[in-house]
Amino acid sequence: MILTVLHKTRYVFAAPVGGIVQSLRMTPAKSDSQRVLDWSIEVPGAVLGTPLRDGAGDILQTASVRARSEQIEVTVRGTVETTDTAGILRGHRERVPPRAYLRGTIRTEPNRAIIDLVDATLSALPDATALERAHALSAAVSEALPYTPGSTDAHTTAADAMTAGKGVCQDHAQVLIACAHLAGLPARYVSGYLNATEDGSPHEASHAWAEIFIDGLGWVGFDAANKCCPNDQYIRLGSGFDAQDAAPIRGLVLGGSEEDLDVTVKIAAQEQRQQQ
Amino acid sequence: MVAQYFNEMYDSDKLRPPYRTLEGWYQKMPAEFRAIKQAEAEDLFRRYGITFAVYGEGGDPDRLIPFDMFPRVFTAEEWRRLERGIKQRARALNAFLSDVYDRGEIIRAGRIPADLVYRNEAYEIAVAGFRPPLGVFSHIVGIDLVRTGPDQFYVLEDNCRTPSGVSYMLENREVMMRMFPHLFQENRVAPVDGYARLLKRTLASVAPEKCERDPKVVLLTPGHYNSAYYEHSFLADLMGIELVEGQDLFVEGDFCWMRTTEGPQKVDVIYRRIDDAFLDPLCFRPDSTLGVPGLMNVYRSGGVTICSAPGAGVADDKAIYTFVPEMIRFYLGEAPILENVPTWQCAKADDLKYVQEHIAELVVKEVHGSGGYGMLVGPKADKATIEAFAAKLAANPSNYIAQPTLALSTCPTFVEEGIAPRHVDLRPYCLVGRDIELVQGGLTRVALTEGSLVVNSSQGGGVKDTWVIAEE
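Since this is a predicted model, take the numbers as computed values, not measurements.

### Observations concerning the overall build of chain B
A tally of helices and strands in chain B yields 15 helices and 23 strands. A globule of 472 residues ought to have a C-alpha radius of gyration of about 23 Å, and chain B, at 22 Å, matches this closely. Considering only C-alpha atoms, chain B reaches an extent of 65 × 55 × 45 Å along its principal axes. Burial analysis of chain B (472 residues in total) assigns 47% to the buried set. Residue pairs in contact within chain B that sit at least 24 positions apart in sequence constitute 70% of those at least 6 positions apart.

### Side note on the interface of chain A and chain B
Frequently, the measure chosen for interface size is the accessible area that the parts lose on association. At the junction of the two partners, chain A supplies 23 residues and chain B supplies 25 residues. Within the residue set of the side of chain A that touches chain B, elements represented by two or more residues are strand S2 (19–27), strand S6 (59–65) and strand S12 (249–254) of chain A. In the side of chain A that touches chain B, the residues fall into 10 nonpolar, seven polar and six charged.

### So, the domain arrangement of chain B
All names here are of chain B. Each assigned domain of chain B is listed here: domain 1 (10–340 + 406–469) and domain 2 (344–404). Between the C-alpha centres of domain 1 and domain 2 there is a distance of 26 Å. On the domain 2 side, the residues contacting the 11 residues of domain 1 number nine residues. When grouped by side-chain class, the residues that make up the side of domain 1 that touches domain 2 number five nonpolar, four polar and two charged.

### Examining the nonpolar core
In this structure, Val 175, Leu 176, Cys 179 and Ala 210 of chain A together with Leu 93 of chain B are the most contacted members of the largest nonpolar core, which totals 208 residues. It is helix H3 (residues 76–100) of chain B that contributes the most residues to this core, 10 residues altogether. In contact with Leu 176 of chain A, not counting residues within four places along its chain, are Leu 137, Ser 138, Val 141, Ala 187, Ala 210, Phe 222 and Ala 224 of chain A.

### Focus: the environment of Thr 202 of chain B
Within the secondary structure, Thr 202 of chain B sits in helix H8 (residues 195–205). When the C-alpha atoms of Thr 202 of chain B and Asp 99 of chain B are compared, they prove to be 21 Å apart, with 103 residues separating the residues in sequence.

### Thoughts on the pairing of strand S20 (residues 429–432) of chain B
A regular strand places its side chains on the two faces of the sheet in alternate fashion. All names here are of chain B. Of the two faces of S20, the one holding Tyr 429 and Leu 431 and the one holding Cys 430 and Val 432 are both buried throughout. Of the strand pairs in this sheet, strand S4 (residues 140–147) and S20 are connected by three bridges, and their pairing is antiparallel. Within S20, the residue paired with Ile 140 across the bridge is Leu 431. With three bridges joining them, S20 and strand S21 (residues 436–438) adopt antiparallel strand pairing. By the bridge assignment, Leu 431 is partnered in S21 with Glu 437. In sequence, S20 turns back onto S21 through a hairpin of three residues.

Reading the values: the criteria
Residues numbered from 1 in each chain as written. Chains lettered and ligands numbered in written order. Predicted model: local features only at pLDDT ≥ 70, side-chain atom pairs only at ≥ 80, totals over all residues. Helix = DSSP H or I, 4+ residues; strand = E, 2+ residues; numbered from the N terminus. Rg over C-alpha atoms; globule rule 2.2 N^0.38 Å. Buried ≥ 20, exposed ≤ 12 C-beta atoms within 10 Å, placed from the backbone. Contact = placed C-beta atoms within 7 Å. Nonpolar A, V, L, I, M, F, W, Y, C, P; charged D, E, K, R; others polar. Domains from an automatic or database assignment. Core = buried A, V, L, I, M, F, W, Y, C linked by C-beta atoms within 7 Å. Pairing = 2+ DSSP bridges.

What follows is the structure in structure tokens.
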């Protein structure tokens, strides 16, 4: 499938700021599931660094603005050819040992409710394979957290979401990571895009899911929010221990003031033949 | 049981050769003269501005670290063996770091458990697959040594991140030479003042490949609230480089720049004295105000070198320590010259059981602790302290390791009544860049309280000048 992306992120500051530095994780890396046909990042007024590939295989780029600014706008445009690999991340060049992702952070720290959820799910599956356990945990997380837009914010931890009993894709991913860790499976947070189809899927185009490492298969994506594994409707931007670590934009404003964030993402599928 | 301690000056009442001239020196020193000299030393340290704030104790942040005038002395022969052992260890630790951020051969070979390395908080996935210039991760390796006999030295711990204290090594010598110049005429003491030059050379030698000029080296400090700030400014001064804080640097494009009155200047090497977590809010802790936003991207694309390399801490973790002799055999194919202290990992059930049964005889430490905090010295603790500690240990065993209480050697130390033996350790500073270098000396820390085995300056320890006597 050919997916086109137009993603604009605009920060407007209440008072001019003394400078801005951002680390952008906004370029899809090549794998068997995705191939970039064209891609551009524009940040008017900013000096962009040369893109670099980090140990996790993500493509990072620095944007710096030294002048006093009242706003900054990041525009990402591109076209990606995607292939359905049943959620399996193959052909992605990375150097981080999977076991490093057994480590939790404050956002993926389990609470009693998460421990109970894992116990209840796994005790029913004494002979299950790692893949089966991962699927069961993902289904359990979907069930435990009905998708409720606006119920949580960017700082919500897995434990908070579990206590609230609802969440958005970020919460599903972080709770699933906590669950996978308890089951002894390396897991990480993935940010990207989803081409929300017309089958009633309500999710936003900016999306997040979890990847769980399964011996023999490698990293496998689990989108608990949509009760599926990522397919050719998904574009993967990058990964990290949790939502903050994997954020597409990590920025810092000098002499920071209140900021107003405006994000629009448009994803559309093109017919394959139109590209020929 | 009476513990036998090796006295470095008097070996069963016989004067050991390196201390030969010092016996007459202290015996002939009148008490009033000694008091005057002690006051003079204190005055000199105050004037140099050398103070050490003690974490968590409150009180005077400008408190002087006590200086004991009685030098601690090694023969050239003793030092040669130490030097070979220290350099060997520094090589192995760097080989380990290069390996675990690359293919992890030592883990594949089953010589070190994967989880100990990869699940370690200090293992930075941000630098997996990245090779710093010359493959060096730890440019200043501080190795804490204790002595238990004429030829028995043990490594207590390794410090691969930003070991502090070297300014005391330099200042102690400076003060001693000013106060007792004749001692340095009577004894051929190897100089230590080349350290700053060697440090600068080491830092310059790891400049990025992209750097095609005389490298610009800066020292990045967290600022004057840090307990080692004095040392940061002292070293920057000696090396003739800028002392900067995070806000003095910025990232633009593929480089890191320093703000100056004449406009931005490109920086090639950062000798950082701040922890990984605070280096770059866009990569590590987002709330850090001490670091430089975007620095890790520049670092990873080869625009600047950070010393020590982010992620170096995984080599000096107390749980990894046990495996350093294995690293030496694995990477260097050599037998370890310096021994490790036998260590029980409380994460292991058998080890924990042993530690719980013998807690009153052991030293129990937090895996990630430093500075002598969160530590139990069994034989020196009362029953209530031991019980309280045992409860903490039982609640979180994997947070602790234990070691036998070592019979630390003693060195004569000035006390009220004259001199008395006090326990000492040694921290030499090994420099790793294009070459591996070590000045002949280090920081001797002394436990000033009679019988105490805790030498940390944060726990009331003092320091001494450390001599290596050149051969006749």
